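Each chain is listed here by its residues.
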Amino acid sequence: MDTDAGVRRHLLTWVVPALVLAVGVSGCSGAAEPGVAQPSPAASASTTASSGTESADPSDGGVTAEAEVVAEELPVPWGIAPLPGERFLVTMRDDATLAVVHPNGDVQPLEDSEGVREVAEQTVPNGEGGLLGVAVDPEDAGPVFTVFLYRTGAEDNAVLRAELDLDGMTLGGVTTILDGIPSASNHDGGRIALGPDGYLYVATGDAGNPANAQDPDSLGGKILRVTPDGEPAPGNPDPGSPVWSLGHRNVQGLGWDASGRMFASEFGQNELDELNVIEAGANYGWPEVEGPGEQEGFVDPVAWWPTSEASPSGIAVTEDAVYLAALRGARLWRVPLLGTAEEIEAGESPGFGEPQALLESEFGRLRAVQAGADGELWVLTGNTDGRGEPATEDGRVVDDRLLRVTVTVAE
């Protein structure tokens, strides 16, 4: 296999060179232990807090989390996108429906409109597939918003564009902008996000066929970058291809820091899950490498975990950390950001601190995390997907839930 296939260094100015981020990584795919590239010796694991009451001991690392349940009884929620007024548009994977969740906990499903019916008709839930990621154009002033959706269909995964009318709570103008993404009962990827450059980024999985990840002609096992019309975005490594990066097993989280560095979370197979910094045209090694491998032509992750402790889905990037919602690990991972790309390159910063666990086993599986406007985090649980144990209160199932989480870092 030509491990350099598709690896081009056609970088935008905000992309961090891979060789900088690989410095100091010394792990291997057989070492199933948490790790981080150039870890900070002072960083330590945090404790947890939940249900609006702080239970963490600041002496255990100085990072505490306080969680408040905002909404509950959400049926298999998957994607979350912010709307004005601290509202969120949430997708329900298996029902193929959408709802607006209000800050007071009200859950308002979209009305039975032509667009809602069209999305449901196109979506064929199957294992991990269904109605997955959602992104809302932040430039829209409303009440009509451009919405992008990732759905699993009978033959493929596809990205849809639609118009959300918040006044009427309806969906219309549904258009398929990108299709032909390999689908299966697992490894469907599904996270979508509008980047700081205004283009749409699409996370895909290998659909159970590892060869897809290294095949430049397959859309599986990739991160794609397209225009709002689904065309390859200007500046892509191959001008005729939507592929932005390759060699991925199953990416389910996308985010950017203030400098424009792009991060992605990725499911490993049996050994290690990953947090990667993504650069244009880079190859992240699957199926040749799982976790850090220091193999020429492949980019190593900046942090990694045993699959039993993570299975990372959605991520959120704030000024001081990357947060990863862990499914099997049933916790919220925090990876401190200790320097800019320029400081890392100049050797002035280690770049990333040791991963810290928050909310461990407090709310079960965590599916998605979204940064809030006031520094809080909004977290979706993932316990009703057939793999979790839904929580009950007085004999009533309360999962899945939307949590408002406040993280405090001691000075």
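Along each chain, residues carry numbers from 1 onward, in the same order as the chain's sequence is written. A pLDDT threshold of at least 70 governs which residues receive local features in this predicted model, and a stricter bar of 80 or more applies before side-chain atom pairs are shown or counted, although totals over entire chains, interfaces and linings include all residues. For side-chain calculations, the full set of non-hydrogen atoms in the structure is used, while hydrogens and water are omitted.

1. With respect to the sheet that holds strand β2 (residues 63-71)
The line we're drawing: In short, DSSP must find at least two bridges between two strands for them to pair. In this description a helix means any DSSP run of H or I spanning at least four residues, a strand means any run of E spanning at least two, and both kinds are numbered starting from the N terminus. Only C-alpha atoms enter the line fits that serve as axes; for helices the fit covers just the stretch in contact. Angles between N-to-C directions range over 0 to 180 degrees.
Read from one edge to the other, the open sheet built from four strands follows the order β2-β27-β24-β23, with strand pairing classed as antiparallel. Edge positions in the open sheet fall to β2 and β23 (366-371), since each of these has one partner strand only. If you compare each strand with its neighbour and ignore which way they point, the axes differ by 25 degrees on average. Bridge analysis of β23 against strand β24 (residues 377-381) gives five bridges, and the strand direction is antiparallel. Opposite Q370, over in β24, you have W378 as the bridge partner.

2. Structural notes on the nonpolar core
Selection rule: Among the buried residues, those of types Ala, Val, Leu, Ile, Met, Phe, Trp, Tyr and Cys that are joined through side-chain atoms within 4.5 Å form a nonpolar core. Any residue under 20% of the maximum accessible area for its type is buried, any over 50% is exposed, and the rest in between are partly exposed; the area is computed with a 1.4 Å probe on protein chains only. Two residues qualify as a contact provided that any one of their heavy atoms is within 4.5 Å of a heavy atom in the partner residue.
If you look at the biggest cluster of nonpolar residues, it comprises 22 residues, and the most contacted ones within it are L89, L110, L149, L164 and L171. Among the secondary structure elements, those contributing two or more residues to this core are β3 (77-83), β5 (97-101), α2 (114-122), β7 (131-136), β8 (144-152), β9 (157-165) and β10 (170-181). Excluding anything up to four places from it in sequence, L164 contacts L83, L89, L110, P143, V144, F145, V147, T170 and L171. In terms of nonpolar packing, the next biggest core, distinct from the first, is built from 19 residues, V322, L324, W333 and A357 among them.

3. Details of unusual backbone geometry
In this chain, G142 is followed by P143 through a cis amide linkage whose omega measures 5 degrees. Along the polypeptide, P143 turns up in the loop between β7 and β8. Put simply, D399 and D400 share a cis peptide bond, and its omega is -5 degrees. Locating D400 in the fold gives a position in the loop between β26 (396-397) and β27 (402-409).

4. Comments concerning the side chain of T307
Within the secondary structure layout, T307 lies in the loop between β18 (303-306) and β19 (312-317). Relative accessible area serves as the criterion here: at 7%, T307 is assigned to the buried category. For T307, the residues in contact, after removing those within four places along its chain, are G268, Q269, N270, E271, L272, D273 and R328.

5. Concerning the packing of aromatic side chains
Selection criterion: Here is the rule: rings of Phe, Tyr and Trp (six-membered ring for Trp) pair when centre to centre is within 6.5 Å. Planes less than 30 degrees apart are stacked, more than 60 are edge-to-face, and the remainder are tilted.
Evaluated as defined, the whole model comprises five aromatic pairs. Taking the centre distance of 5.0 Å and the plane angle of 70 degrees together, the rings of Y201 and W256 count as edge-to-face. Of the two residues, Y201 is situated in strand β12 (residues 200-203) and W256 in strand β15 (residues 251-256); the sequence distance between them amounts to 55 residues. Per residue, the accessibility class of Y201 equals that of W256, and both read buried. Judged by centre distance (5.6 Å) and plane angle (45 degrees), the rings of W305 and W333 are tilted. With a gap of 28 residues between them, W305 in strand β18 and W333 in strand β21 (residues 331-336) connect regions that are remote in the sequence.

6. Details of the pairing of β27
With eight bridges connecting them, β2 and β27 associate as antiparallel partners. For A71, the partnering residue across the bridge sits in β27 and is L402. As defined by bridge partners, β24 adjoins β27 across four bridges and the pair is classed as antiparallel. Of the residues in β27, the one forming a bridge with L377 is V405.

7. Digging into the layout of surface pockets
Basically, it comes down to this: Both site types are read off a 1 Å grid over the protein atoms alone. A 1.4 Å probe that fits but cannot get out defines a cavity, while an open set with protein on both sides within 12 Å along at least five of seven lines defines a pocket; lining residues have an atom within 4 Å of a point. Grid points are joined across faces, edges and corners, and a volume is the space filled by probe spheres set on the points. The residue classification treats Ala, Val, Leu, Ile, Met, Phe, Trp, Tyr, Cys and Pro as nonpolar and Asp, Glu, Lys and Arg as charged. All others, Gly included, are polar.
Computed from the structure, the largest pocket encloses a volume of approximately 1,000 Å³. Along the wall of the largest pocket there are 40 residues; nearest its centre are P82, A193, L194, W256 and Q370. Elements supplying a minimum of two residues to the lining of the largest pocket: β3, β7, β8, β11 (192-194), β15, β19 and β23. When residues of the lining of the largest pocket are assigned to their parent elements, the largest contribution, five residues, is made by β3. Here the residues of the lining of the largest pocket are counted per class, giving 25 nonpolar, nine polar and six charged. In this model, the second largest pocket occupies a volume close to 370 Å³. Here the residues of the lining of the second largest pocket sort into four nonpolar, nine polar and 10 charged.

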